[in-house]
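What the coordinates show
One letter stands for each residue in the lines below.
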Amino acid sequence: MSRRWIQNPNRCSDEYLDGIEDFIEFAHRQNPGATRIRCPCRRCNNTLWETIENVGFHLVRNGMIETYSIWNLHGEQLDHASSSNATRMDSVEPIVDPNDQVMDIIEDVFPFASININNEREDDVPTPIDSAEFEQYEKLLKNANQELYPGCESFSVLTAIVELMHGKIKYRMSNLCFDYFLGVFKRMLPTDNCLPKDHKQAQKVLNGLGLGYEKIHACKNNCMLFYKEHETLDTCLICNESRFKMTSQNRTIKIPQKVMRYLPLKPRLQRLYMSTHTATDMRWHKEKRVDDDVMRYPADGEAWKEFDRTFPEFAADPRNVRLGLATDGFNPYGVLNQHHSTWPIFVFPYNLPHWKCMKKEYMMMTVLITEDPGRSIDVYLRPLVDKLKDLWTNSVRTYDKSIRKMFTLRAAIMWIVNDFPAYAMVSGWSTKGYMACPVCKEDVTSGWHAGKVCYLGHRRWLPWDHEWREKDKEFDGNTERRLRPREWSGDEIVEQLNRLDFAPFGKIVSRTRPSTHMNWTHKPMFFELPYWSKLKLRHNLDVMHVEKNVFDTLVGTILDIEGKTKDTIKARLDLERMGIEGDYG
């Protein structure tokens, strides 16, 4: 029985649907009387049990694991010759020598170390390794080959550290807890073992694997970063606040007043192609995605297609990385400090399949801000935006492990995802007041109703001949004859912003916003990106917040839930004031 249908990217084709029927019949025949079987779809990954009907539905929706060509988990006999082709289940820990896994990690970090340059064409030769990197490589190899203790064949020093650090992160263990157990393990092992004594020492061993972070000092009042040409300054250029805290005279180490963490984006994107686990998947959006005019993935949307038409040179190479950016604040201390919020800024690669790109393993934190920056978030975005400009204009040479060749990597931010308050911070348009709508802008319909600013006029967006436009008593007492608000292009927004004079960033700078500024608070730094003004869609609202708020309001009002219903006395009085008649119950 041919099973080429498993590799067919079109899950609506007759070949694929017939193949699913063959699989269901085979599984039912091998498991007579069984009501549930393992589901081999890409999400369940043969680890979850579903009814036979649900398995068929999952295979159409998610697709079958491409490597599952021998159905050994559903009763098929596995002979010795074909056992090497059995499925690999990502969520089940395979029986693999951990020392071999660590060597694979080193090879991913230094893929060019084992390449014979004499046998490669000049275009395929990686960037030569410098002395510092070679020293790191030698240290890692030494620790990978050194026994944890004399006579230990199961674990090397590096393998033990990687396994322990993996467990620390997976189960969210604090540094103090990790130090305690590391000390216990060290006492359990023979006295001549080479296990590090604490978390700090373990980190030093793993430094050679890269993907670290940079500490960049910031002004106490969020005015500026002490970065690049301002790196040597001791006071802020805007508010004259000292860069360092006041300490005793005999203290030689200067303590900065505020520090942000920047995690470089370029090496993280390069690592996606240097690793055998992700290099092939980074082309999935172009080579394996089903393109049948059904919206399943961001690449099926009009914004993605418009970007491809505008920048065909970028779209020509599927390895160029499409990124999404998201940010929001949270309080890491729970109820201990209600006034504090930490703001991480994440990017995530849309090149990966949809069952991978939104998982935490592939979300890359690029900036960590230790307080609510407000509109001064652009100050902290400076290193990231500089790197994004470089990745678009100059690109970076990267080694593709899947084809073992170098290529030129470019990257672009497709859009930003956040909730409505964070929307104001990154877009530069305030989401408060009578002109809070960032789409309608100055043409918004708003008013004071039931003790708060409300935004009306939604019938303007309906087709011109829609029956609701003619109804008056059911809405605000008026028919709707107006056209929908105009849509501003990116170039028009930039032209408008360039005419406005904004106050400098910082806490101590306060200036009343002129009426000519409407709701603009600052010019967003993202407009420095050459492609940003050309994007069809620059900002997205987080679906979770929209769904929850709409659902809570609707259900709370229909069921008259106390504290959640919007049918209040103020609302009734407001309807009466607006002249809207009717039986309100």
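Residues numbered from 1 in each chain as written. Predicted model: local features only at pLDDT ≥ 70, side-chain atom pairs only at ≥ 80, totals over all residues. Heavy atoms only, no water.

What about the environment of Ile 569?
Here Ile 569 is to be found in helix H16 (residues 569-577). For Ile 569, a relative accessible area of 67% corresponds to the exposed category. Residues Ile 569 and Ala 450 lie 119 residues apart in sequence; the distance between their C-alpha atoms is 8.6 Å. (Helix = DSSP H or I, 4+ residues; strand = E, 2+ residues; numbered from the N terminus. Buried < 20%, exposed > 50% of the residue type's maximum accessible area, 1.4 Å probe, protein only.)

Thoughts on helix H3 (residues 98-109)
Across its twelve residues, H3 extends 17 Å between first and last C-alpha, which sits within 8% of the 16 Å expected from 1.5 Å per residue. For H3, every residue scored as buried is listed here: Pro 98, Asn 99, Val 102, Ile 106, Asp 108 and Val 109. At its buried positions, H3 is contacted by helix H4 (131-145), helix H5 (157-170) and helix H8 (265-274). (Expected span 1.5 Å × (residues − 1). Contact = heavy atoms within 4.5 Å.)

As for the side chain of Gln 270
As for its position among the elements, Gln 270 is in helix H8. When near neighbours in sequence (up to four residues on either side) are disregarded, Gln 270 contacts Val 396, Arg 397, Thr 398 and Leu 409.

Here we look at the pattern of salt bridges
Counting across every chain of the model gives 31 salt bridges. For the salt bridge of Lys 389 with Asp 386, the shortest nitrogen-to-oxygen distance reads 3.9 Å. One end of the pair, Lys 389, and the other, Asp 386, are both in helix H12 (residues 377-393), three residues apart, so they sit about a helical turn from each other. On the accessibility criterion, Asp 386 (16% relative accessible area) is buried. Its salt-bridge partner being Arg 486, residue Glu 492 comes within 2.8 Å of it at the nearest N-O pair. On the basis of relative accessibility, which here comes to 44%, the residue Arg 486 falls in the partly exposed class. (Salt bridge = Lys/Arg side-chain N within 4 Å of Asp/Glu carboxyl O.)

Description of the sheet that holds strand E7 (residues 364-369)
Sheets are built from strands that pair by backbone hydrogen bonding, the pairs being arranged parallel or antiparallel. Taking strand neighbours across the sheet as the criterion, the seven strands line up as E3-E4-E7-E6-E5-E10-E13 in an open arrangement whose pairing is mixed. Each edge of the open sheet is held by one strand with a lone partner, namely strand E3 (214-218) and strand E13 (539-541). Neighbouring strand axes in the sheet, compared pairwise and without regard to direction, differ in orientation by 25° on average. Both strand E4 (residues 258-262) and E7 contribute to a ladder of two bridges, which runs antiparallel. (Pairing = 2+ DSSP bridges. Axes fitted to C-alpha atoms, helices over the stretch in contact; angles between N-to-C directions.)

Comments concerning the UniProt feature "domain: Transposase-associated" (unreviewed entry) in the protein
Within the UniProt annotation, "domain: Transposase-associated" (unreviewed entry) is assigned to residues 3-76. Between the C-alpha atoms that bound residues 3-76 the distance is 14 Å, and the span itself is 38% helix and 8% strand. (UniProt positions renumbered as here; feature names shortened; annotations may be inferred.)

Overview of the nonpolar core
Of all hydrophobic cores here, the largest spans 73 residues; its most connected members are Leu 265, Leu 269, Phe 307, Leu 384, Tyr 531 and Trp 532. With nine residues, H12 is the single largest residue contributor to this core. Residues within four places of Leu 384 in sequence aside, it is in contact with Tyr 262, Leu 265, Leu 325, Ile 345, Thr 366 and Val 367. The next biggest cluster of nonpolar side chains, apart from the first, holds 21 residues, and it includes Leu 140, Ala 144, Met 165 and Leu 209. (Core = buried A, V, L, I, M, F, W, Y, C linked by side-chain atoms within 4.5 Å.)

Re the environment of Phe 420
As for its placement among the helices and strands, Phe 420 is situated in helix H13 (residues 420-427). Note: C-alpha distance between Phe 420 and Cys 236 (184 residues apart in sequence) is 31 Å. With sequence-adjacent residues up to four places away left out, Phe 420 is seen in contact with Thr 431, Ala 436, Pro 438 and Leu 541.

Here we look at the pairing of strand E9 (residues 405-409)
Looking at chain direction, strand E8 (residues 396-400) and E9 are connected through five bridges and run antiparallel. Bridging from a neighbouring strand, Val 396 pairs with Leu 409 of E9. Here E8 folds back onto E9, and the loop between the two strands holds four residues, one of which, Arg 404, carries a positive phi near 55°.

Comments concerning the packing of H3 against H5
In contact at an axis separation of 9 Å, H3 and H5 are set at 90° when each is read in the N-to-C sense. By the angle class used here, H3 and H5 are roughly perpendicular. Touching Pro 98, Asn 99, Gln 101, Val 102, Ile 105 and Ile 106 of H3 are Leu 158, Thr 159, Val 162 and Glu 163, all from H5. Partitioning the contact of H3 with H5 into residue classes produces six nonpolar, three polar and one charged. (Parallel < 35°, antiparallel > 145°, perpendicular 65-115°, else oblique. Nonpolar A, V, L, I, M, F, W, Y, C, P; charged D, E, K, R; others polar.)

Let's talk about a nonpolar patch on the surface
A cluster of nonpolar side chains, contributed by Tyr 180, Phe 181, Phe 185 and Met 188, occupies part of the molecular surface with about 440 Å² of accessible area. Tracing the backbone through its elements, the reader meets Met 188 in helix H6 (residues 175-188). (Patch = residues over 30% accessible without salt bridge, like charges linked within 9 Å, V, L, I, M, F, W, Y side chains within 5 Å. Areas by Shrake-Rupley, 256 points an atom, 1.4 Å probe, with all protein chains shown as cover.)

Here's the deal with helix H1 (residues 14-30)
Here H1 is 17 residues long and its end C-alpha atoms lie 24 Å apart, about the 24 Å a rise of 1.5 Å per residue gives. Within H1, burial applies to Tyr 16, Gly 19, Ile 20, Phe 23, Ile 24, Phe 26 and Ala 27. One side of H1 holds all its buried residues, which, seen down the axis, span an arc of 165°. Among the exposed residues of H1, those pointing more than 90 degrees away from its buried face are Asp 14 and Arg 29. (Arc of directions from axis to C-beta.)

Things to note about the environment of Lys 254
Structurally, Lys 254 can be placed in the loop between E3 and E4. The spatial distance from the C-alpha of Lys 254 to the C-alpha of Thr 553 is 52 Å, given a sequence separation of 299 residues. Leave out the neighbours within four places in its chain, and Lys 254 touches Asp 234 and Phe 244.

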